[in-house]
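Coordinate inspection notes
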Amino acid sequence: MYDINIRLLKPFILVFVMLMLASCTAGDGLFTQDNPAGFWYGLWHGVISVVTLVIHLFNENVLVYEVNNVGGWYDFGFLLGVICIWGGSSHVNCKSSEKKQREKEWDEIGEKVEKKVMRRLKAWSEDEEGSGSSKEWDEIGEKVEKKLKRKIREWEEKE
């Protein structure tokens, strides 16, 4: 019963929070040439920039960026606010520890398979003395190595 009440309240809470954020948007007439927006307002406007953008789509009187500002400090605050919310691009290359561990295990497996195959190829080539030049065997070894690495990557991608 308690969970149902919370689920019903979530949309109302979301609307309330959006209205509260909308009340502090840029371009609302609070700032003039004599009283420009500074760093802290730039930071706040950067934080609520997405909400302001959505509101601006429906109301042309609300702006995403405050035109009456102090210049560089407002811009710095605005960009800092946007980066704090969206995180910049640093999250693009983040890997979970589980994925790192899996990749490490696959690298170890690949190295073990490669060593074993190379030992077998070497033993086979020694059994077949004089059946080909060492250059040919080096080429065969490289081809086998590339194919094995490709197959191991395919197996990894399937998991």
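The structure contained in this document is the topic of the report that follows. (Residues numbered from 1 in each chain as written. Predicted model: local features only at pLDDT ≥ 70, side-chain atom pairs only at ≥ 80, totals over all residues. Heavy atoms only, no water.)

**Structural notes on the packing of aromatic side chains**
Under the convention used in this document: Centres within 6.5 Å make a pair out of two Phe, Tyr or Trp rings, where for Trp the six-membered ring is used; the pair is then stacked when the planes are under 30 degrees apart, edge-to-face when over 60, and tilted otherwise. When a residue's accessible area, from a 1.4 Å probe over protein chains only, is under 20% of the maximum for its type it is buried; when over 50% it is exposed; and in between it is partly exposed.
Summed over the entire model, instances satisfying the criterion amount to seven aromatic pairs. Look at Tyr-65 and Tyr-74: their rings are 5.1 Å apart centre to centre, the planes differ by 80°, and that puts the pair in the edge-to-face class. Tyr-65 sits in the partly exposed class, given a relative accessible area of 32%. Residue Tyr-74 is classed as buried on the basis of its relative accessible area, which comes to 0%. One aromatic cluster is present, formed by Phe-39, Trp-40, Trp-73 and Phe-76 through successive ring pairs.

**Description of the layout of surface pockets**
Rule in force here: Cavity: a set of points on a 1 Å grid over the protein atoms alone where a 1.4 Å probe fits but cannot get out. Pocket: an open set with protein on both sides within 12 Å along at least five of seven lines, its lining residues, like those of a cavity, having an atom within 4 Å of a point. Grid points are joined across faces, edges and corners, and a volume is the space filled by probe spheres set on the points. Numbering of helices and strands starts at the N terminus; helices are DSSP runs of H or I of at least 4 residues and strands are runs of E of at least 2. Note on residue classes: Ala, Val, Leu, Ile, Met, Phe, Trp, Tyr, Cys and Pro are nonpolar, Asp, Glu, Lys and Arg are charged, and everything else, Gly too, is polar.
The calculated volume of the largest pocket comes to roughly 210 Å³. Met-118, Ser-125, Trp-137, Asp-138 and Gly-141 are, among the 10 residues lining the largest pocket, the residues nearest its centre. Per-element tally for the lining of the largest pocket: the top contributor is helix α6 (residues 134-158), with six residues. For the lining of the largest pocket, the class distribution of residues is four nonpolar, three polar and three charged. When residues of the lining of the second largest pocket are traced back to their parent elements, those giving at least two are α5 (97-127) and α6. Here the element with the most residues in the lining of the second largest pocket is α5; it accounts for five residues. Here the residues of the lining of the second largest pocket sort into two nonpolar, one polar and six charged.

**Things to note about helix α4 (residues 72-86)**
Quick reminder of the rule: Helix span, expected: 1.5 Å multiplied by one less than the number of residues in the helix.
Spanning 15 residues, α4 covers 21 Å between terminal C-alpha atoms, matching the ideal 21 Å at 1.5 Å per step. Of the residues flanking the end of α4, it is Gly-87, one or two places downstream, whose phi is positive at about 80°.

**Overview of α5**
Here α5 spans 45 Å end to end across 31 residues, near enough to the 45 Å set by a 1.5 Å rise per residue. The set of residues buried in α5 consists of Trp-106, Gly-110, Leu-121 and Ser-125.

**Let's talk about the side chain of Asn-69**
This is how the line gets drawn: In the analysis that follows, any N or O atom pair within 3.5 Å is treated as a polar contact, provided that within protein one partner can donate a hydrogen and the other can accept it, and provided that, for residues neighboring in sequence, both atoms belong to side chains. The criterion used for residue contact is that any of the two residues' heavy atoms lie within 4.5 Å.
Its location among the elements puts Asn-69 in the loop between α3 (49-58) and α4. Among the polar contacts made by the side chain of Asn-69, one reaches the main-chain amide nitrogen of Gly-71 at a distance of 2.8 Å. Excluding its chain neighbours within four sequence positions, the residues that come into contact with Asn-69 are Pro-36, Ala-37 and Tyr-74.

**Digging into the side chain of Glu-66**
To keep it simple, the criterion reads: In this charge count, Lys and Arg are treated as positive and Asp and Glu as negative; neither His nor the chain ends contribute. For this document, the term salt bridge refers to a Lys or Arg side-chain nitrogen within 4 Å of an Asp or Glu carboxyl oxygen.
Mapped onto the elements of the fold, Glu-66 is located in the loop between α3 and α4. Buried charge without a salt bridge: Glu-66, with Lys-10 as the nearest opposite-charge side chain at an N-O distance of 34 Å. A distance of 3.4 Å separates a polar side-chain atom of Glu-66 from the backbone nitrogen of Asn-68.

**Comments concerning a positive patch on the surface**
Counted only if it meets this: Patch building starts from residues that exceed 30% relative accessible area and form no salt bridge, then joins like charges within 9 Å and nonpolar side chains (Val, Leu, Ile, Met, Phe, Trp, Tyr) within 5 Å. Reported accessibility uses the Shrake-Rupley method at a 1.4 Å probe radius. Residues are deemed covered only where the shown protein chains occlude them. By convention, the point assigned to a charge is CZ for Arg, NZ for Lys, CD for Glu and CG for Asp.
Taken together, the side chains of Lys-115, Lys-116, Arg-119 and Arg-120 present a region of like positive charge at the surface. Counting through the fold element by element, Lys-116 comes out in helix α5. A relative accessible area of 46% means that Lys-116 is categorised as partly exposed.

**Regarding the pattern of salt bridges**
One pass over the full model with this rule turns up two salt bridges. Between Lys-149 and Glu-145 there is a salt bridge, and its shortest N-O distance comes to 3.2 Å. Here Glu-145 and Lys-149 lie together in helix α6, a separation of four residues that amounts to about one turn. With relative accessibility at 24%, the residue Glu-145 sits in the partly exposed group. Ionic pairing is found between Glu-154 and Lys-151, a salt bridge with its closest N-O pair at 3.6 Å. You can see Glu-154 and its partner Lys-151 sitting in helix α6, three residues apart, about one turn around the helix.

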